[in-house]
Amino acid sequence: NAGVTQTPKFQVLKTGQSMTLQCAQDMNHNSMYWYRQDPGMGLRLIYYSASEGTTDKGEVPNGYNVSRLNKREFSLRLESAAPSQTSVYFCASRVVSRTEAFFGQGTRLTVV
Amino acid sequence: QQQVKQSPQSLIVQKGGISIINCAYENTAFDYFPWYQQFPGKGPALLIAIRPDVSEKKEGRFTISFNKSAKQFSLHIMDSQPGDSATYFCAASIGGSGNTGKLIFGQGTTLQVKP
């Protein structure tokens, strides 16, 4: 049981490049989330998907787009990366009837 | 606007001592308050959580104290061990039917327990 799997684990991008962060969970969870973690800021919600077929903005959605491909997969896309998007990105999932969220191992992204 | 404020930013405790991390929140609609533990290179993992209908919850060496009137809650780690060295995040969310499970996190506390 892998839980929440994120790929890639590390990535360096040049300003203006685009990329997609992948997230997949094998726990049959309904809801999925993308957070970014920055020093002194905790984790901030970028986008979430309460259920398959729905997505909504979180606290810091600017510069990002998401796709809930199916129940298992939730991807985060940076269309034109900026240095301010240098961060560690975490995907999480949960079952609607439970409160606990399970996090992936994170993707460390550096934009130069 | 930081809806959940956490302090201290860093904490050094001797082995066997008590570690205390504090959080304060603003939104009285919050009704679920978890603490997450994160080791370097790993994602956060749920440590312990509380709802506002109780003032304290204990799981092993970890205790959450909750003060609803003051809108504050804290994590106490008794008999702190070097293996407890990690970053701790408090969080809050709004529950109820149809809840989205969105978590609002505090800024994090880096705990170092010295042998």
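Residues numbered from 1 in each chain as written. Chains lettered and ligands numbered in written order. Predicted model: local features only at pLDDT ≥ 70, side-chain atom pairs only at ≥ 80, totals over all residues. Heavy atoms only, no water.

## Topic: the overall build of chain A
Each helix and strand counted, chain A has zero helices and 11 strands in total. Computed over C-alpha atoms, the radius of gyration of chain A comes to 13 Å, within 12% of the 13 Å expected from 2.2 N^0.38 for 112 residues, which places it in the range of a compact globule. Projecting the C-alpha coordinates of chain A onto the three principal axes gives extents of approximately 40 × 25 × 25 Å. Residue burial in chain A is summarised as follows: out of 112 residues, 46% are buried. Put simply, of all contacts in chain A between residues at least 6 apart along the chain, 55% involve residues at least 24 apart. Only carbon and sulfur atoms are counted for the fraction: they give 49% of the accessible area of chain A, which is about 5200 Å². Side-chain charges of chain A comprise 12 positive and 8 negative groups, with the mean position of each set lying 4 Å from the other. (Helix = DSSP H or I, 4+ residues; strand = E, 2+ residues; numbered from the N terminus. Rg over C-alpha atoms; globule rule 2.2 N^0.38 Å. Buried < 20%, exposed > 50% of the residue type's maximum accessible area, 1.4 Å probe, protein only. Contact = heavy atoms within 4.5 Å. Areas by Shrake-Rupley, 256 points an atom, 1.4 Å probe, with all protein chains shown as cover. Lys, Arg positive; Asp, Glu negative; His and termini not counted. Charge placed at Lys NZ, Arg CZ, Asp CG, Glu CD.)

## Section: a nonpolar patch on the surface
Residues and elements named next belong to chain B. On the surface, Ile18, Ile20 and Met78 cluster together to form a nonpolar patch covering roughly 240 Å² of accessible area. With respect to the helices, strands and loops of the structure, Ile18 is situated in the loop between strand E2 (10-14) and strand E3 (19-25). Classification of Ile18 by relative accessible area gives partly exposed; the value is 46%. (Patch = residues over 30% accessible without salt bridge, like charges linked within 9 Å, V, L, I, M, F, W, Y side chains within 5 Å. Salt bridge = Lys/Arg side-chain N within 4 Å of Asp/Glu carboxyl O.)

## Points about the pattern of salt bridges
All names here are of chain A. All chains considered together, the criterion is met by five salt bridges over all chains. Two residues, Asp38 and Arg36, come together in a salt bridge whose shortest N-O distance is 2.8 Å. Exposure class is identical for Asp38 and Arg36. Each is buried. Several salt bridges share partner residues, and in doing so they unite Arg36, Asp38 and Arg44 into one network.

## Describing the state of the cysteines
Under the criterion given, the structure shown has two disulfides over all chains. Across the disulfide, A:Cys23 is cross-linked to A:Cys91 (sulfur-sulfur distance 1.9 Å). The chirality of the disulfide connecting A:Cys23 with A:Cys91 is left-handed, given an S-S dihedral of about -75 degrees. A residue pair is termed long-range when its members are at least 10 positions apart, and A:Cys23 in strand E3 (residues 19-25) and A:Cys91 in strand E9 (residues 87-94) qualify at 68 residues. Residue B:Cys23 pairs covalently with B:Cys90 via a disulfide, S to S 1.9 Å. Measuring handedness by torsion sign, the sulfur bridge of B:Cys23 and B:Cys90 sits at about -95 degrees and is left-handed. Here B:Cys23 is found in strand E3, whereas its partner B:Cys90 is found in strand E9 (residues 86-92), with 67 residues between them in sequence. (Disulfide = S-S within 2.5 Å.)

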